[in-house]
Amino acid sequence: MEFQQPATWSEALEIKAAHPEAMPIAGGTDVMVEMNLDHHRPAGIIDLTRIRELTEWGVDGGTLRIGAGVTYTRLIDELGDRLPGLAIASRTVGSPQIRNRGTVGGNLGTSSPAGDAHPPLLASDAIVELESRSGKRRVPVREFFSGPKRNAMQKDELIAAFHVEPARGPQQFSKVGTRNAMVIAVCSFALALDPERRRAGTGIGSAGPTPLRAVEAEEFIQGELDWEGRRRPSDAAMQRFGELVAAAAKPIDDVRGTAAYRRHALAVMARRCLAWTWNEGASLPPSGRGA
Ligand SMILES: Cc1cc2nc3c(=O)[nH]c(=O)nc-3n(C[C@H](O)[C@H](O)[C@H](O)COP(=O)(O)OP(=O)(O)OC[C@H]3O[C@@H](n4cnc5c(N)ncnc54)[C@H](O)[C@@H]3O)c2cc1C
């Protein structure tokens, strides 16, 4: 197996163009498991960990640009106030060791329907920045996942970064697992409220061939919420929101849970996340939350 270790981003793009079958490795927390279990033996490995740009983040026109190689631990520590939904999800990933190595770039690269970063990225309309030797392109995360462990990346492309607005209101994430920690989601749900634009964003994990949005549920609750008066949503509205989230899922029965259980749990998580975000103060001005 050929092992390459580029020192710069442009060198990495050159190598990927010349060896499109070679597999990039960031934290290695998915790649090494696949290799150790002999599920996948790539012809070559491109180690991205020496590329400084991938580990950097910054603000670009009010939007955060976060390098694909920023770890969960750093996301929690450095960006938890600006991206609370992603930070809550990140805290549920693996163990401290996995969070110290694992990256959102790697989560996107694997594109597992159960990837915990995906629901909050969907809920906040994040954008994935892809790059190859021929140039850059930006793919909205809601168009990035094309099937189970498949995505919109071309063979010669790498994930450079993702772009996401700092939270414009309360955000929540909820995950059901078979135990409290070190667990793949049975299903998960993320909600992001934007009181100024009167928008609600959702993300569903581990209940379909790809991570999903619950578009009808978003449209329903946007019209129901009393953004100005701050009246608590009615029980009927909460109930309907949960039902619409459950209806948006496309779950299957598998070793982790049944489709029926997943739909039930999603409805519960959707109602809870809505109550939590609303109690946090969905009509608060976004000041103090920005980058
Ligand atoms: C014990 C354990 C517990 C875990 N718990 C969780 C959990 O709770 N939730 C969860 O979501 N995941 C979990 N995972 C899976 C894994 O940690 C995550 O998916 C993590 O985000 C992967 O990041 P990484 O940097 O380690 O990726 P890597 O393993 O390095 O790469 C993963 C994939 O992404 C590709 N890739 C990486 N970087 C790039 C790039 N810049 N451009 C293009 N492709 C790239 C690789 O080629 C590969 O296909 C767990 C794994 C282990 C071993």
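Residues numbered from 1 in each chain as written. Predicted model: local features only at pLDDT ≥ 70, side-chain atom pairs only at ≥ 80, totals over all residues. Heavy atoms only, no water.

A.B. asks: Got a minute to help me understand the packing of aromatic side chains in this structure?
C.D. replies: Remark: the centre distance and the inter-plane angle together describe each pair of aromatic rings, the angle taken between the planes. Counted according to the given criterion, the structure contains 3 aromatic pairs. Taking 6.3 Å as the distance between ring centres and 75° as the angle between the ring planes, the aromatic pair formed by Phe189 and Phe241 counts as edge-to-face. Of this pair, Phe189 sits in strand β12 (residues 187–194) while Phe241 sits in helix α10 (residues 235–248), and the two are 52 residues apart along the sequence. The exposure class assigned to Phe189 is buried, which follows from its relative accessible area of 0%. A residue is classified by how much of its surface remains accessible, and Phe241, at 0% relative accessible area, is buried. Measuring from ring centre to ring centre gives 6.0 Å for Trp227 and Trp278, while their planes differ by 65°; the resulting arrangement is edge-to-face. With a gap of 51 residues between them, Trp227 in the loop between α9 (215–224) and α10 and Trp278 in helix α11 (residues 259–281) connect regions that are remote in the sequence. (Phe/Tyr/Trp six-rings, centres within 6.5 Å; stacked < 30°, edge-to-face > 60°. Helix = DSSP H or I, 4+ residues; strand = E, 2+ residues; numbered from the N terminus. Buried < 20%, exposed > 50% of the residue type's maximum accessible area, 1.4 Å probe, protein only.)

A.B. asks: How should the pattern of salt bridges be read in this particular structure?
C.D. replies: Think of it this way: side chains of opposite charge can pair up when their charged atoms draw near. One pass over the full model with this rule turns up 23 salt bridges. The residue Asp235 makes a salt bridge to Arg232 at a minimum N-O spacing of 3.3 Å. One exposure class covers both Asp235 and Arg232, and it is exposed. In this structure, Asp254 and Arg262 form a salt bridge, with 3.1 Å as the shortest nitrogen-oxygen distance. (Salt bridge = Lys/Arg side-chain N within 4 Å of Asp/Glu carboxyl O.)

A.B. asks: Teacher, can you tell me more about unusual backbone geometry here?
C.D. replies: Trans peptide bonds make up most of the peptide bonds, and negative phi angles are found at most residues other than glycine. Even without being a glycine, Ser111 presents a positive backbone phi close to 55°. By relative accessible area, Ser111 is classed as buried at 0%. Phi at Met182 is positive, roughly 50°, even though this residue is not glycine. Positionally, Met182 belongs in the loop between β11 (171–176) and β12.

A.B. asks: Any chance you could explain the sheet that holds β12 here in plain terms?
C.D. replies: Strand pairs in the sheet, formed through backbone hydrogen bonds, run parallel or antiparallel to each other. Ordered by their spatial adjacency, 3 strands build an open sheet running β11-β12-β13, and the pairing between neighbours is antiparallel. Two strands close off the open sheet at either side, each with one partner strand: β11 and β13 (199–205). Looking at each pair of strands side by side, their axes are set apart by 10° on average, direction ignored. Of the pairings in the sheet, the one linking β12 to β13 comprises 7 bridges and is antiparallel in character. The residue bridging Asp194 from the neighbouring strand is Arg199, located in β13. (Pairing = 2+ DSSP bridges. Axes fitted to C-alpha atoms, helices over the stretch in contact; angles between N-to-C directions.)

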